[in-house]
Amino acid sequence: LLIVALAAFVIERTRRGTPIQQTIRMLALGLAPAALVFLQPDLGTGIVLLVITLVVLFLAGLKWSHFAAIGGVAALAVSFVLVIAPATGLPTPLRDYQEDRLTAFLHPSNDPGDASYQVNQSVIAIGSGERTGRGDSASQTELQFLPERHTDFIFAVIGERFGFMGAAFVLSLYALLIWRMLRVLTLSKNLYGTLIAGGIAAMLMFQILVNVGMTLGIMPVTGITLPLMSYGGSSVLVTFLAIGLLQSIHSQARLDSRSRAPTPLLR
């Protein structure tokens, strides 16, 4: 819904006001739902909405100077939350468990029995799968050493049960899906379709990157699901709706191409 609304807003407002006013309005439209989700609290989904907003703005032709200003503000905010506030004792918008997750990512060996336990068990599970996996003898996931193995850490189950071959196969399927998304983006015949396709591609690419990365210990744990694999009906439904929009854009592009093709002469 955010992708469709933001793309429509960009099309309607692209010729109204100064460039700075346009950037502020588009940022406000994207950051408002992200802030509401963050206050739930749901840091992971809020970041996904923020990434969608930035990608749509990039595809809409936002000036690099505006991106630099946004990056500077974001860097200051992150520095305050992770460095300045803990050092000075100032309150932060993050909950205690969210701070523990970020601290565990930066220093995974400081608290292996609590904050880092989940990530450590995930890394052990994936590593124990080796090349072809352990099958039904997977101990880390079957004996419930790994919490949330059916939702956020489903990729660790794949790594342990099916090994490197199974994990590589799953990632190759995601790579094929992403390639097709980018293909639809390039085939779109209008800016509206391009913005929607780009926003959907960014949404799913970011979710895959963060989810797989956090199971490997190279990304912080944010509670983002793995599209089409993690348990949860709402996630699967929204992903299929997004893919349906991409298919609609692709079909429209093919129809436009056929309608513009020259008509053969009748003999």
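Residues numbered from 1 in each chain as written. Predicted model: local features only at pLDDT ≥ 70, side-chain atom pairs only at ≥ 80, totals over all residues. Heavy atoms only, no water.

**Q** Describe the overall build of the protein chain, naming the residues involved and giving the relevant values.
**A** Looking only at helices and strands, the protein chain features 10 helices and zero strands. Counting from the amino terminus, helix and strand elements in the protein chain follow one another as α-α-α-α-α-α-α-α-α-α. Counting the 267 residues in the protein chain, one finds 38% classified as buried. The contacts of the protein chain with a sequence gap of at least 6 include a subset with a gap of at least 24, amounting to 62%. Of the roughly 15,400 Å² that the protein chain leaves accessible, carbon and sulfur atoms contribute 66%. (Helix = DSSP H or I, 4+ residues; strand = E, 2+ residues; numbered from the N terminus. Buried < 20%, exposed > 50% of the residue type's maximum accessible area, 1.4 Å probe, protein only. Contact = heavy atoms within 4.5 Å. Areas by Shrake-Rupley, 256 points an atom, 1.4 Å probe, with all protein chains shown as cover.)

**Q** Would you mind going over the environment of Thr151 in detail, with residue names and values included?
**A** Tracing the chain through its elements places Thr151 in the loop between helix H7 (139-142) and helix H8 (154-187). In the structure, Thr151 is positioned 74 residues away from Thr225 in sequence and 6.4 Å away in space, judged by C-alpha atoms.

**Q** Which residues make up a nonpolar patch on the surface, and what values go with them?
**A** A surface patch of nonpolar side chains, amounting to about 220 Å² of accessible area, comprises Ile11, Leu191 and Tyr192. Its location among the elements puts Ile11 in helix H1 (residues 2-13). (Patch = residues over 30% accessible without salt bridge, like charges linked within 9 Å, V, L, I, M, F, W, Y side chains within 5 Å. Salt bridge = Lys/Arg side-chain N within 4 Å of Asp/Glu carboxyl O.)

**Q** With reference to specific residues and values, describe the nonpolar core.
**A** One finds Ile52, Ile200 and Met203 to be the most contacted residues of the largest nonpolar core, which totals 34 residues. Secondary-structure elements contributing two or more residues to this core are H1, helix H2 (19-38), helix H3 (43-59), helix H4 (64-88), H8, helix H9 (191-215) and helix H10 (233-260). With nine residues, the top contributor of residues to this core is H9. Setting aside residues up to four positions removed in sequence, Ile200 forms contacts with Ile3, Ala242, Leu245 and Leu246. Ile126, Ile158, Met214 and Leu226 belong to the second-largest nonpolar core, a separate cluster that totals 19 residues. (Core = buried A, V, L, I, M, F, W, Y, C linked by side-chain atoms within 4.5 Å.)

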